[in-house]
Amino acid sequence: MNLFTFKGGVHPPYRKEHAKDSQIEIAAVPDQLVVPLVQHIGAPCAPAVEAGGTVKEGQVIGQSDAFVSAPIHAPVSGKVKRIERALHPLGQKVLSVFIEPDGADEKEYLKPLGDTIDQLSSDDMKKRVMEAGIVGLGGATFPSHVKFSPPKDKPIEVLIINGCECEPYLTADYRLMLEKPGDIILGAQMIGKILGAKEIVVAVEDNKPDAFKKFKESDAGKGIRYVLTHTKYPQGGEKMLIKAVLKREVPSGGLPMDVGVVVSNVGTALAVCEAVRDGKPLIDRVLTITGNGIKKPGNYIAKIGTPVSSIIEQSGGTVGTIGKLIVGGPMMGIAQSSYDVPVIKGTSGILLLQDEKYMKEGHLPCIKCSFCVQVCPTQLLPSRLSILAEAEKWELMEQFGVDDCIECGSCSYVCPSKRPIVQLIKTAKLKVRDIKARENK
Amino acid sequence: MGKENSSLILSTSPHIKSRESVRNIMISVIITLLPAVVFSIYQFGIHVLIMYLVSIATCLVSEWVAVRLRKRPFSLYDGSAIITGMLLVMVLPPKFPIYGVILGAVVSIVIGKQIFGGLGYNIFNPALIGRAFLAATYPVFISSWATPRLVFDGITAATPLAGMKFDGIMTPYSAMFFGRIGGSIGETSAVLLIIGAIYLIIKKYIKWRIPLSIFVTVAVLGEIFHLINPSKYPDPLFHLLAGGLMIGALYMATDMVTSPITNRGCIFFGVGIGCLVVVIRLLGGLPEGVMYAILFMNAFVPLINRGTKPRIFGTGEAHEH
């Protein structure tokens, strides 16, 4: 009966029950916050404060003149201890601002603009989104004001608010939808107005019927369309979501705006609402801490810069031998080497998985079972691509559409030979890009 | 935290994996073949049991030696060599000499598989390479049939296909369906092979488009010939139940490694096999053509894969709206 779906995809065990029923709690402010100056796709920020100075909560501490960038704000009031390179969840060390909270709770927020959609101007709101440092909170961390500024020849017809949360284990978006549906709807209307979108669609996977119901109850005739999409990974991928909801395909190499669509995560909608209505910059976010390696899985609203270890402690500590610490979900998240990495704007979850044999197992050759071909949501031949990558045939890989891979990992998930297919493809993409860049010189 | 951070595993996403494994797939195939294997031992006697044991043992030893010589990690546990050993015997006649079985098994593994690079790299179905070699080496033995224990009364022909081709005798369908007929060791009982294959299709361990397109092609072509000359050419049902079509279509053409990876490719592959089977059976010199049909189409798999790449999301016409 449910037609809102796409071709391919997988059904991993969702394991949402760990954290699903835990209300969002406020994470304790740690003794020291480490705020990286790279928290978005685009130009990194330069520090706007100096070591030894004091900051107020909400004060800008990192900024860039580039358009594709987003300012970074002090998550708490306190003292800037030092500014130096520190480990970032993406693996490298980046320039970060170390802040020692003073507990004074002094705020320096932006001026509230109000919450009456009719009285808010599109330009004011867009400017606010930029000033508040809002980026895509689904994990992509693309600066939102850039996304909300499509070129004139690409008018936006539809805004899709993404409440799919298709990554297993994660429940942060789910809790947000249950606890703050009104704010999300208001944020969606604000984004809709910024974009001049004719229609707003809120999409929720059908394993979260209560969230769907909450939205409908809170809507009160705002003209938003709510759809339940089939529960399947990667339903929350924007290309898949647009296909499922609108039956439109984002062209290869293109963006959602090429088919008149912008997709924003529910967390982003909430951040927009808070920035416009309350003047609050993006200094915290909701995340899930979960997995069989954590004593009390839960959902927290955590200050950006909070070390992962601090949230683990607050959740009762770890259980058993931890094999993997993952920032993000199990399908696309990034394994960490240290418990000291900070929460950043894109951190949707902290996943602790107990050590299991499969994590260290090697792989066999491809047996051409075609499981990966069946599940690839972009209809690539992942097995073929992985073999070409091993043979370093980069140019052939381009012909086989390597750039269209959305890196969802469905192929690696189903592979009976346990081949690191998506890893090989990611590496190959970089090589292909390198080669192209060299050719263009 | 006071934790030893170096213990954290740093592999890339996805961090969870499905329970599917090569070994599970191979074991499932082995188990689903067992009913037909047991039936064949009952039908043709202890010699067949010895053939199975010798064939499987030879395949495992050949694999071990070849892998050692190639200095590769040993992979007996994947179970693929056991399947090759079983399938080889299943497509041989019941009285085939043991030394021939040994030779066939060595050729299957060494020439059919390891020379290409081992599991996953071979182009041709290893068991069929072994059988093709034996057919060329022992042309008399390969067509010496035996009467099974359970046999339909009044059948004098060695196999239904030989009866049809050389003597104009038709075997009743029920006998063919249940296996009360002569033929290669494991091919005679259509029903047991179908039951096993249904399980594999449900588990998605068989690319179902392959057997389906083989069956449809054979039925349609068989019907055309039958309509042209009903007295000379048998009807489609006969084609489907006779000879090695069931075991070939369900268990050999569907060998993952040697069949196409694209859905459309599987259909081309199946149609090609179906056409060749009917043409060889009805117009060629041999009574049966499943083995050559599959081997022939195996060679085209890389080309088929290339020609049937699916339309990538967001390309071609479908994204215009």
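Residues numbered from 1 in each chain as written. Chains lettered and ligands numbered in written order. Predicted model: local features only at pLDDT ≥ 70, side-chain atom pairs only at ≥ 80, totals over all residues. Heavy atoms only, no water.

Colleague: Before we move on, could you go through the overall build of chain A and cite the residues and values that matter?
Modeller: Within chain A, the regular secondary structure consists of 13 helices and 17 strands. Its C-alpha atoms give chain A a radius of gyration of 21 Å, within 12% of the compact-globule value 22 Å for 441 residues. Expressed as a percentage of its 441 residues, the buried residues of chain A come to 59%. Considering only contacts in chain A between residues 6 or more positions apart, those separated by 24 or more positions represent 73%. As displayed, chain A has an accessible area near 17,100 Å², and 51% of this comes from carbon and sulfur atoms. A distance of 4 Å separates the average location of the 55 positive side-chain charges in chain A from that of its 51 negative side-chain charges. (Helix = DSSP H or I, 4+ residues; strand = E, 2+ residues; numbered from the N terminus. Rg over C-alpha atoms; globule rule 2.2 N^0.38 Å. Buried < 20%, exposed > 50% of the residue type's maximum accessible area, 1.4 Å probe, protein only. Contact = heavy atoms within 4.5 Å. Areas by Shrake-Rupley, 256 points an atom, 1.4 Å probe, with all protein chains shown as cover. Lys, Arg positive; Asp, Glu negative; His and termini not counted. Charge placed at Lys NZ, Arg CZ, Asp CG, Glu CD.)

Colleague: Which residues make up the packing of aromatic side chains, and what values do they have?
Modeller: Geometry of an aromatic ring pair is reported as the spacing of the ring centres plus the angle between the planes. Under the counting rule described, the total for this entry stands at 10 aromatic pairs over all chains. Ring geometry for F371(A) against Y205(B): centres 6.4 Å apart, planes inclined by 25 degrees, an arrangement best described as stacked. Of this pair, F371(A) sits in helix α9 (residues 371-375) while Y205(B) is found in the loop between α8 (190-202) and α9 (209-228), placing the two residues in two different chains. With centroids separated by 5.1 Å and ring planes inclined at 80 degrees, the aromatic side chains of F177(B) and F178(B) adopt a geometry described as edge-to-face. Look at F177(B) and you get partly exposed, because its relative accessible area is 31%. By relative accessible area, which is 45% here, F178(B) ends up partly exposed. An aromatic cluster of three or more residues is present, and its members are F96(B), Y99(B), Y138(B) and F141(B). (Phe/Tyr/Trp six-rings, centres within 6.5 Å; stacked < 30°, edge-to-face > 60°.)

Colleague: Break down the environment of G53(A) for me, citing the residues and quoting the values.
Modeller: All names here are of chain A. One can find G53 in the loop between β3 (46-47) and β4 (54-55). Its relative accessible area of 27% is what places G53 among the partly exposed residues. Among all residues touching G53, those that are not within four sequence positions of it are G78, K79 and V80.

Colleague: If you had to explain the nonpolar core to someone new, which residues and values would you point to?
Modeller: Most often, soluble globular proteins have nonpolar side chains that are buried together. In terms of nonpolar packing, the biggest core is built from 104 residues, with L87(B), M90(B), Y251(B) and I273(B) touching the most fellow members. No other element matches the nine residues that helix α1 (residues 22-44) of chain B contributes to this core. Here this core gathers at least three residues from each of two domains, domain 1 (1-29 + 114-360) and domain 2 (371-440) of chain A. For Y251(B), the contacting residues outside a window of four places in its chain are V29(B), T32(B), L33(B), L87(B), L193(B), G196(B), A197(B), L200(B) and M246(B). Counting 48 residues, the second largest nonpolar core, distinct from the first, contains I24(A), V135(A), F215(A) and V286(A). (Core = buried A, V, L, I, M, F, W, Y, C linked by side-chain atoms within 4.5 Å. Domains from an automatic or database assignment.)

Colleague: I'd like to hear about helix α3 (residues 80-90) of chain B, residue by residue, with values.
Modeller: All names here are of chain B. Counting buried residues along α3, 10 of its 11 residues qualify, which places the element largely inside the surrounding structure. Among all positions of α3, only S80, A81, I83, T84, G85, M86, L87, L88, V89 and M90 are buried. Where α3 is buried, its residues touch α1, α2 (46-69), α4 (98-110), α5 (126-137), α8 and α11 (245-252).

Colleague: Please set out the pattern of salt bridges residue by residue, giving values where relevant.
Modeller: All names here are of chain A. Enumeration over the complete set of coordinates arrives at 26 salt bridges over all chains. The partner of E238 in a salt bridge is K147, and the shortest N-O contact between them spans 3.9 Å. Residue E238 is located in helix α6 (residues 238-246), and its partner K147 is located in helix α2 (residues 144-147); the two are separated by 91 residues in the primary sequence. It is possible to trace a salt-bridge network through shared partners that takes in K180, E274, K280 and D284. (Salt bridge = Lys/Arg side-chain N within 4 Å of Asp/Glu carboxyl O.)

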